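Chain by chain, the residues run as shown.
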Amino acid sequence: MNLQKNLIQDEIPEKSPKLSGIDTPDKWLSDYGDYLFRYAVLQLKDKSLAEDLVQDTFVSAYKARDQFQGKSSVKTWLVTILRNKIIDLVRKKQRVSFLSVENFDDDPVIRNNFNGAGIWSKWLNSWGSSPEALLEQSQFMDQFQSCLSKLPENLRAVFVMRNIDELSTEEICEKLDISSNNVWVILYRSRMRLRECLEANWKS
Amino acid sequence: MEEPDKNNSAISLKSFLCCQEYSKLCCLGKDSNLSLASRIAKSFHHLFCFTCRRFSKQINVIDGACKKVLEKESESCKLSEDAKNRIKSLMKEE
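Within each chain, residue numbers correspond to sequence positions counted from 1 in written order. Chain labels run from A onward and ligand labels from 1 onward, assigned in the order the entries are written. The predicted nature of this model means local features are confined to residues of pLDDT at least 70 and side-chain atom pairs, given and counted, to a pLDDT of 80 or more, with totals for whole chains, interfaces and linings taken over all residues. Hydrogens are left out, water is left out, and the side-chain values use all remaining heavy atoms of the structure.

Draft legend 1. Looking closely at the interface of chain A and chain B. Throughout, a contact is declared for two residues whenever any of their heavy atoms are within 4.5 Å. Contacts between chain A and chain B engage 62 residues on the former and 51 residues on the latter. In total, about 5400 Å² of surface goes out of reach between chain A and chain B, with carbon and sulfur atoms giving 67% of it. Among the salt bridges present, the one from Glu-166 of chain A reaches Lys-67 of chain B, with a minimum N-O distance of 3.8 Å. Any N or O atom pair separated by 3.5 Å or less is treated as a polar contact, with the protein-specific requirement of one donor-capable and one acceptor-capable atom, and with residues adjacent in sequence counted only for side-chain atom pairs. At the boundary of chain A with chain B, the tally comes to 20 residue pairs in polar contact (both at pLDDT 80 or more). Helix and strand labels come from DSSP, where a helix needs a run of H or I of at least four residues and a strand needs a run of E of at least two; each type is numbered from the N terminus. Put simply, the parts of the chain that give the side of chain A that touches chain B at least two residues each are helix H2 (25-44), helix H3 (47-63), helix H6 (131-136), helix H7 (138-150), helix H8 (153-163), helix H9 (169-176) and helix H10 (180-201) of chain A. When two parts are put together, the accessible area they lose, computed with a 1.4 Å probe and summed over both, is reported as buried area. Definition used for salt bridges: Asp or Glu carboxyl oxygen within 4 Å of a side-chain nitrogen of Lys or Arg.

Have a look at this one:
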């Protein structure tokens, strides 16, 4: 509880003016509720747990709303609080499994991609359209989301922190108390698995 | 942040990379600063290997998809009305 309180305080500048006009629970829920829930589900996969953390985020942020200075948007502020709660949870749950990921090649998915000489063992399919056009296709984005949800929890947590939250490697190391090599290997395996999943399931 | 030290066996650099080493550098380059030698070796391989050029494009698509995935609204992933009402009540108690 104290840890959570500290995490919130870390994000809130001192002596800030009260939010004006937007500080009603209804407005917060209607504007940011679904977004925060999607964010939490993407990281945790468990909808019930995601709902609990979103609830906790709204309640603790609302309690501390007088301290919000307005340097960032309310959405960014809420996401930061939620992210810290998720990191706290992931760190407790997954630290041992993060530390075990330290070798680039020690993964069956990666080994299957290459032959003994390190050459691709099979031809890579074209995914069709240009990257920009591909990202506009909702079927592709649905498939991407499905592949992301299939990543093992320890890989997904770090991958989301790096690629969706856009935290630096140093920040991830600090927040999860793991080495930069752990982070790099996790990110490499995540990208290789996502690519493999999209290759197998996406038909252009 | 610099790429992993060669001596820690994370990446072994050679004059000519194989596809597996290219794939590592391609991903690593997104999260750290590659050394000049690594960048040259990677570019050289990229120039001559069609499959790795396709791999590189696919990885860029994956990174691009990450930036869009949260913006996409989904009917199957919404906070339920019950949950919204419960949270509102809790907030109003504060």
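Now that the structure is up, let's keep going.
Draft legend 2. Fine view of helix H2 (residues 36-48) of chain B. All names here are of chain B. If you check H2, its first and last C-alpha atoms are 19 Å apart, about what 13 residues at 1.5 Å a residue would give, namely 18 Å. The cut-offs for exposure are 20% and 50% of the maximum accessible area for each residue type, with area from a 1.4 Å probe on protein chains only; residues under the lower value are buried, those over the upper are exposed, and the others partly exposed. For H2, the full list of buried residues reads Ser-38, Ala-41 and His-45. The buried side chains of H2 occupy one side of the element, clustering within an arc of 70° when seen end-on. Residues of H2 that are exposed and angled more than 90 degrees away from the buried face: Leu-36, Ile-40 and Leu-47. A helix is expected to reach a length of 1.5 Å times the quantity of its residues less one. By arc we mean the arc of the directions from the helix axis to the C-beta atoms, nothing more.

Draft legend 3. Representation of the packing of aromatic side chains within the structure. In this scheme Phe, Tyr and Trp rings, the latter by its six-membered ring, pair at centre separations within 6.5 Å, and the angle between planes marks the pair as stacked below 30 degrees, edge-to-face above 60, and tilted otherwise. For the structure shown, the criterion picks out 10 aromatic pairs over all chains. On the numbers, 5.2 Å between centres and 85° between planes, the contact of Phe-140 of chain A with Trp-202 of chain A is edge-to-face. With Phe-140 of chain A in helix H7 and Trp-202 of chain A in the segment after H10, this pair connects stretches of sequence that are 62 residues apart. Exposure remark for Trp-202 of chain A: the relative accessible area of 11% places this residue in the buried category. Judged by centre distance (5.5 Å) and plane angle (50°), the rings of Phe-16 of chain B and Phe-44 of chain B are tilted. Pair noted here: Phe-16 of chain B is in the segment before helix H1 (19-31) and Phe-44 of chain B is in helix H2, with a separation of 28 residues, a long-range link. Judged by its relative accessible area of 38%, Phe-44 of chain B is partly exposed. Ring pairs connect the aromatic residues Trp-28, Phe-58, Tyr-62 and Trp-77 of chain A, which therefore count as one cluster. By the criterion adopted, a ring carries a charge over it if an Arg CZ or a Lys NZ lies within 6 Å of its centre and within 35 degrees of its normal. Geometry around Tyr-35 of chain A places Lys-75 of chain A over its ring, the cationic atom sitting 4.0 Å from the centre.

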